[in-house]
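# Analysis of the macromolecular model
Each chain, written out:
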Amino acid sequence: MNDFRPEPDLNYLQRVLLEMLAIPSPTGFTDTIVRYVAERLAELGIPYELTRRGTIRGTLKGRQDSPDRAVSAHLDTIGAIVREIHPTGRLGLAPVGCWSSRFAEGSRVSVFTDYGVIRGSVLPLMASGHAFNTAVDELPISWDHVELRLDAYTYSRAETCALGVNVGDFVAFDPMPEFTESGYISARHLDDKAGVAALLAGLKAVIDSGQLPPIDCHPLFTITEETGSGAAAALPWDVSEFVGIDIAPSAKGQESTEHAVTIALQDSGGPYDYHLSRHLLRLAAEHEVPARRDLFRYYHSDAQSAITAGHDIRTALLAFGCDATHGYERTHLDSLAAMSQLIALYVMSPPVFASDADTHAGAGALDRFSHQLEHDTQLESDTRVPAVDSLLGRNAEGD
């Protein structure tokens, strides 16, 4: 068992989470939060580079540089974009990311025009019980049935256009954060700003320990996960292991909880790597980090986007337990602390397979290839089949 005992700075975690929640960052509008996280990496002494659009690629040096690993969290959140300007001067919206208009209704928002910011509220098309009586309860739930009311003098399309509002302007929803004494954290956009905060706290725990990781680790902060591309073009190094960090729905039919870290074994993109996932499970068990296993049916992550892009890497997913994901989200400090601990333990652990450094093993590659079957009993089949020789002999007689 590794002697490394991470002690994440939970005050630091909560501070950076609260500061990030104050920064609007719907997918496509992430420059400010990219700058914020880059500054946090600089404070930790972790060198980084930026891609053209703003994905942050850091490098935490280890005792050897191959095979190296990557750990990724995303900075972008769900939001909306102006789809049309109604004759009344109010705005029709399209979602950025996949989420229900049910959770948009009643929200305070900021509209980012080419020249400034205008505040407003998102309302159902029938918003007044005094005007529409029980008809307000019969309105369908969809983005076609909500509109954005600007806090500005406008009652026509022309007046709204004169304010500088245009189709394609970004709309950010207020986070409404509340950190309670009981440890619960409620806010919009915990996905994935809570994951980012846990990753930064895990990296800080490694650095504060003064110990050197066994291999290079590349913390990644992506900007398009909510719209599917995420880490697809974020891996220029010889990365053999990739761990995504994201949100775990705590709901009926799920095993995740707000009081543990989740190791997800499958999402809508398919199973995660057998060996890397069980490496994380072993680390959690050995160090008594509260952890759950779970499957996510309607979900994808940075790790799966890297696989889809064609990277030959092992992937796994760590997630913090959260109630009402992509809605009025709530997690607990227990889950974020467990995630930070497991991230730090993973960064300080040896590679799952040192031989993964050699991507062109050639002769003898099969000798070093992995085994998933660990017990002799697993090699026995309940279904007995005839010997191949007997089948070949029977076919020969028939000829």
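Quick summary incoming for the structure in this document. (Residues numbered from 1 in each chain as written. Predicted model: local features only at pLDDT ≥ 70, side-chain atom pairs only at ≥ 80, totals over all residues. Heavy atoms only, no water.)

### Some thoughts on helix H1 (residues 10-21)
Where we set the bar: Helix and strand labels come from DSSP, where a helix needs a run of H or I of at least four residues and a strand needs a run of E of at least two; each type is numbered from the N terminus. Expected span of a helix: the number of residues minus one, times 1.5 Å. The contact rule is simple, with two residues in contact once any of their heavy atoms fall within 4.5 Å.
Look at H1: 16 Å from first C-alpha to last across 12 residues, which is about the 16 Å you get at 1.5 Å a residue. Each element contacted by the buried residues of H1 is listed here: helix H2 (31-44), strand E10 (178-179), strand E11 (184-187), helix H5 (190-209) and helix H8 (333-347).

### Some words on the packing of helix H6 (residues 274-286) against H8
In helix packing, the relevant descriptors are the interaxial angle and the interaxial distance, both defined with respect to the helix axes. Selection criterion: Lines fitted to C-alpha atoms define the axes, with helix axes restricted to the stretch in contact, and inter-axis angles between N-to-C directions lie between 0 and 180 degrees. When an angle is under 35 degrees it counts as roughly parallel; over 145 it counts as roughly antiparallel; between 65 and 115 it counts as roughly perpendicular; any other value is oblique. For any pair of crossing helices, the crossing counts as left-handed if the nearer helix is rotated counterclockwise from the farther one by less than a right angle, and right-handed if it is rotated clockwise. By the convention adopted, Pro, Cys, Tyr, Trp, Phe, Met, Ile, Leu, Val and Ala count as nonpolar, Lys, Arg, Asp and Glu as charged, and the other residues, Gly among them, as polar.
Following both chains from N to C, one finds H6 and H8 inclined at 115°, their axes separated by 10 Å at the closest point. Overall, the two elements H6 and H8 adopt an arrangement that is roughly perpendicular. Note that H6 runs across H8; the crossing there is right-handed. On H8, the residues that touch Leu-276, His-279, Leu-280, Leu-283 and Ala-284 of H6 are Leu-342, Leu-345 and Tyr-346. In terms of residue class, the contact of H6 with H8 is built from 7 nonpolar, 1 polar and no charged.

### Structural notes on H2
As a reminder of what qualifies: Here the term buried applies to any residue with accessible area under 20% of the maximum for its type, exposed to any over 50%, and partly exposed to those in between, with areas from a 1.4 Å probe on protein chains only.
Taking 1.5 Å per residue as the helical rise, H2 with its 14 residues ought to reach 20 Å, and the 20 Å between its terminal C-alpha atoms agrees with that figure. When H2 is considered as a whole, its buried residues turn out to be Ile-33, Val-34, Tyr-36, Val-37, Ala-38, Arg-40, Leu-41 and Leu-44. Buried residues along H2 sit in contact with H1, strand E1 (48-50), strand E2 (56-58), H5 and strand E12 (215-222). The positive-phi residue at the C-terminal boundary of H2 is Gly-45, with phi of around 80°.

### Looking at the packing of aromatic side chains
Two aromatic rings, taken as a pair, are described by how far apart their centres are and by the angle between their planes. Rule in force here: Whether two aromatic rings pair depends on their centres lying within 6.5 Å, for rings of Phe, Tyr and Trp, where Trp uses its six-membered ring; planes under 30 degrees apart make the pair stacked, over 60 edge-to-face, and the rest tilted.
Tallied over the entire structure, the rule returns 7 aromatic pairs. Look at Trp-99 and Phe-173: their rings are 5.0 Å apart centre to centre, the planes differ by 90°, and that puts the pair in the edge-to-face class. With a gap of 74 residues between them, Trp-99 in the loop between strand E5 (91-96) and strand E6 (108-112) and Phe-173 in strand E9 (residues 170-173) connect regions that are remote in the sequence. Each member of the pair, Trp-99 together with Phe-173, is buried. For the pair Phe-103 and Tyr-328, a centre-to-centre distance of 5.8 Å together with 80° between the ring planes defines the contact as edge-to-face. Here the residue Phe-103 occupies a position in the loop between E5 and E6, and Tyr-328 occupies one in the loop between strand E17 (314-322) and strand E18 (329-332), the gap between them amounting to 225 residues. When its relative accessible area of 25% is taken as the criterion, Phe-103 is described as partly exposed. Of the residues examined, Tyr-328 reaches a relative accessible area of 40% and is grouped as partly exposed.

### Re the pairing of strand E4 (residues 79-85)
As a reminder, the rule being used: When DSSP finds at least two bridges between two strands, those strands are taken to pair.
With 6 bridges joining them, E4 and E5 adopt antiparallel strand pairing. Within the sheet, the bridge partner assigned to Ile-81 lies in E5 and is Ala-94.

### Describing the side chain of Arg-57
One can find Arg-57 in strand E2. Ignoring anything within four residues of it in the chain, the contact list for Arg-57 reads Pro-47, Tyr-48, Glu-49, Thr-51, Pro-219, Leu-220, Ala-233, Ala-234, Pro-236 and Trp-237.

### Observations regarding the side chain of Ser-101
Our working rule: In protein, a polar contact means a hydrogen-donor-capable atom and an acceptor-capable atom, both N or O and within 3.5 Å, with residues adjacent in sequence counting only if both atoms are side-chain atoms; elsewhere, any N or O pair within 3.5 Å suffices.
You can see Ser-101 is positioned in the loop between E5 and E6. One polar contact links the side chain of Ser-101 to the main-chain carbonyl oxygen of Ser-142, over a distance of 3.2 Å. When residues no more than four places from it in sequence are discounted, the contact partners of Ser-101 are Ile-141, Ser-142, Trp-143 and Val-146.

### Examining empty space enclosed by the protein
Put simply, the rule reads: Note on definitions: the grid is 1 Å and covers protein atoms alone; a cavity is a set of points where a 1.4 Å probe fits but cannot get out; a pocket is an open set with protein on both sides within 12 Å along at least five of seven lines; lining residues have an atom within 4 Å of a point. Grid points are joined across faces, edges and corners, and a volume is the space filled by probe spheres set on the points.
Within this structure, the stated rule accounts for 1 cavity of 30 Å³ or more. For the largest cavity, the full set of lining residues is Thr-77, Ile-78, Arg-188, His-189, Asp-191, Glu-226, His-326, Gly-327 and Glu-329. Residues belonging to the lining of the largest cavity are distributed by class as follows: 1 nonpolar, 4 polar and 4 charged.

### Looking at unusual backbone geometry
For the bond running from Ser-66 to Pro-67, omega is 0°, close enough to zero to count as cis. One can find Pro-67 in strand E3 (residues 64-74). The amide bond that connects Asp-191 to the next residue, Asp-192, takes the cis arrangement and shows omega of 5°. Within the secondary structure layout, Asp-192 lies in helix H5. Even without glycine at this site, Asn-133 takes up a positive phi of about 55°. Along the chain, Asn-133 turns up in the loop between helix H3 (129-132) and strand E8 (146-150). The exposure class assigned to Asn-133 is exposed, which follows from its relative accessible area of 55%. Positioned with a positive phi, Ala-324 is a non-glycine residue whose angle comes to about 60°. Locating Ala-324 in the fold gives a position in the loop between E17 and E18.

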